[in-house]
Amino acid sequence: AGRAGGGAAAMAEPGTGEREQAQPGEQAQAQPPCPDWADDQRMAFLFSAFKRSREVNSSDWDAKLAFWPPLVLREAARRGRLAFQPRELSAWFRRKGAAPLGLGTVLQDMASRGLIQKESSFAASVDAGWLAWGVGLFLIKPLKWTLGSFLGNNAISPDEAYVIVERIKEKAAEVLQLCQNSLEPSHPVVAFGKLQDVCQSVCADEKTFCLCLLQLQKEKRVMVTEVDGDKIVKFSHSPANKVSAVTEIDVGVYQLVKCEMTLTEKVEALAQEGERCMEDVRSHLRAGKKHQALKSLRVKKRTGKRLESIEAKLHTIQAILDRIYSSQTDKTVVEAYQAGLGALRKSMKDVTVEKVDRLMDQIEQFCETQDDISQTLAGENLNTMGDADELEAELNALLEDAPEKILVLPDAPTRLLPGSPGLKLPEVPKPALTAL
């Protein structure tokens with residue numbers, strides 16, 4: 001702990017990073033790194049060096065280690081950085097001309113918790129042969145990081161780059177998704193340079209692209225190899241699958257695709273050359289130079305023959321590639337059929353014709369039983385008709401026992417009554433109107 005505190009103070013001494021100017025584009029911050037940035041008393045405590053030993057004042061260490069690591073990760077994400085150098089942090093968090101004195105201890109704590117990792121250690125943990133395809137990727141000498149890694153030297157160097165583990169994982173996932181959406185799914189082998197061009201919208205520079213490839217190779221999502229001096233990359237078909245090793249078929253298809261691109265460029269060049277020859281022929285004829293026009297026409301014919309020959313070869317290669325891609329599709333369909341058949345066989349494993357016959361017999365038996373029950377219930381309901389007859393007989397007997405209570409009404413009249421519609425009344429006399 002004492003060495004860590006001393007190393008942090010040494011890293012922030014004048015001339016080693018404290019008074020160093022920020023990199024271009026990072027000299028001013030649009031907003032404070034944290035809400036407490038204007039609190040002079042709290043910032044003075046957080047910017048001070050760690051105590052020489054944690055046992056002396058554990059609260060000092062705990063408060064600073066709870067503040068600085070999350071702030072470093074947030075600021076790196078805000079700047080879109082996947083890696084940084086310790087001396088850059090002094091510029092990121094410069095406040096009133098002063099830089100934090102305990103960043104070395106902070107970085108050691110972050111490294112011990114797996115939040116950050118040296119670029120050299122990150123590359124060595126993936127593939128010791130990274131120099132074959134990542135020349136110029138890192139800023140330190142191979143011998144330096146090799147000795148440091150194997151001897152266990154965890155000292156913080158201001159010039160050594162560190163990668164942010166979670167940021168690289170997120171960016172690598174974006175690269176993989178972009179590759180699967182942009183490249184030919186039936187043959188996921190592509191040249192290193194072409195893949196880098198495809199990922200320009202995600203990776204701002206070559207270093208970011210190489211770090212993402214290293215992470216994907218660590219996750220076994222991509223495989224990087226070299227064929228005839230060309231670096232090629234093979235990626236997995238889907239995020240759920242691991243990438244397989246590069247096979248001779250992959251190399252053969254890659255070479256066919258490369259040949260197709262070369263022939264396509266030659267066809268375009270010869271077509272343009274033929275057009276130029278025809279322009280020369282017309283120009284010479286307008287100038288009256290018949291001999292020169294004839295010479296240009298001969299060149300045009302030779303160019304046309306070469307163009308026809310190369311186009312024939314190009315069509316052959318394209319036909320082969322089409323068959324390969326079609327076979328890949330057929331293979332996928334056959335695999336889907338096999339998977340469907342396996343699922344159907346598994347689902348019908350315990351189903352036989354005999355079981356179905358027994359089941360149908362049981363269903364028929366239960367239906368007959370249900371019909372018998374319904375008929376039995378219907379028969380019991382018919383017995384209630386006898387009760388209705390008894391009730392009607394009892395009612396008639398009651399009517400015979402009380403005849404005096406029955407009212408005898410007179411017959412309806414048959415003559416017309418006065419005031420009825422059939423009676424005719426005399427007419428009302430109409431007096432004569434006198435003249436006014």
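Residues numbered from 1 in each chain as written. Predicted model: local features only at pLDDT ≥ 70, side-chain atom pairs only at ≥ 80, totals over all residues. Heavy atoms only, no water.

*Asks:* Give a detailed account of the overall build of the protein chain, specifying residues and quantitative values.
*Replies:* In terms of helices and strands, the protein chain carries 14 helices and six strands. Looking at the protein chain as a whole, 31% of its 436 residues qualify as buried. For the protein chain, contacts bridging at least 24 residues in sequence account for 67% of all contacts bridging at least 6. Surface exposure of the protein chain reaches about 29100 Å², of which carbon and sulfur atoms provide 56%. (Helix = DSSP H or I, 4+ residues; strand = E, 2+ residues; numbered from the N terminus. Buried < 20%, exposed > 50% of the residue type's maximum accessible area, 1.4 Å probe, protein only. Contact = heavy atoms within 4.5 Å. Areas by Shrake-Rupley, 256 points an atom, 1.4 Å probe, with all protein chains shown as cover.)

*Asks:* So what's going on with the packing of aromatic side chains? Which residues, and what values?
*Replies:* Inspection of every chain in the model, using the stated rule, returns nine aromatic pairs. Plain terms: the ring middles of Phe84 and Trp92 are 6.0 Å apart, the flat faces sit at 55° to each other, and that makes the pair tilted. Here the two residues Phe84 and Trp92 agree in accessibility, since each one is buried. On the basis of an interplanar angle of 70° and a centroid distance of 5.3 Å, the ring pair of Phe192 and Phe209 is categorised as edge-to-face. Here Phe192 is found in helix α9 (residues 192-198), whereas its partner Phe209 is found in helix α10 (residues 206-218), with 17 residues between them in sequence. For Phe192, a relative accessible area of 7% translates into the label buried. The aromatic ring of Phe45 is capped on one face by Lys64, whose charged end is 5.1 Å from the ring centroid. Above the plane of the ring of Phe192 lies Lys231, whose end atom (NZ or CZ) is 5.5 Å from the centre. (Phe/Tyr/Trp six-rings, centres within 6.5 Å; stacked < 30°, edge-to-face > 60°. Lys NZ or Arg CZ within 6 Å of the ring centre and 35° of its normal.)

*Asks:* Go over the sheet that holds strand β3 (residues 162-164), please, and point to the residues and values.
*Replies:* Across the sheet, three strands lie side by side as β1-β3-β2; this open sheet has antiparallel pairing. Each of the sheet's edge strands pairs with one partner strand only, and the pair in question is β1 (83-84) and β2 (116-118). Sheet topology note: the β1/β3 ladder contains two bridges and is antiparallel. Among the inter-strand pairings, Ala83 is bridged to a residue of β3, identified as Val163. Contacts from helix α6 (residues 119-126) reach β1, β2 and β3 within the one sheet, and its direction differs from that of β2 by about 85°. (Pairing = 2+ DSSP bridges. Axes fitted to C-alpha atoms, helices over the stretch in contact; angles between N-to-C directions.)

*Asks:* Please give an account of α6 that cites residues and values.
*Replies:* Among the residues of α6, those classed as buried are Glu119, Ser120, Phe122, Ala123 and Val126. The arc that holds the buried residues of α6, viewed along the axis, is 165°, so those residues lie on one side. (Arc of directions from axis to C-beta.)

*Asks:* Outline a negative patch on the surface, supporting the account with residue identities and numerical values.
*Replies:* Residues Glu354, Asp357, Asp361, Glu364, Glu368, Asp371 and Asp372 make up a contiguous surface patch of negative charge. Inspection of the secondary structure puts Glu364 in helix α13 (residues 353-382). (Patch = residues over 30% accessible without salt bridge, like charges linked within 9 Å, V, L, I, M, F, W, Y side chains within 5 Å. Salt bridge = Lys/Arg side-chain N within 4 Å of Asp/Glu carboxyl O. Lys, Arg positive; Asp, Glu negative; His and termini not counted. Charge placed at Lys NZ, Arg CZ, Asp CG, Glu CD.)

*Asks:* Mind laying out α10, listing which residues take part and the relevant values?
*Replies:* In a regular helix each residue adds 1.5 Å, so 13 residues correspond to 18 Å; α10 covers 18 Å between its end C-alpha atoms and thus fits that length. In terms of residue burial, α10 counts as a mostly covered element, since 10 of its 13 residues are buried. All of the buried residues in α10 are Thr208, Phe209, Cys210, Leu211, Cys212, Leu213, Leu214, Gln215, Leu216 and Gln217. Immediately beyond the C-terminal end of α10, within one or two residues, lies Lys220, with a positive phi of roughly 65°. (Expected span 1.5 Å × (residues − 1).)

Take it as geometry only, folks, not as evidence of what the structure does.
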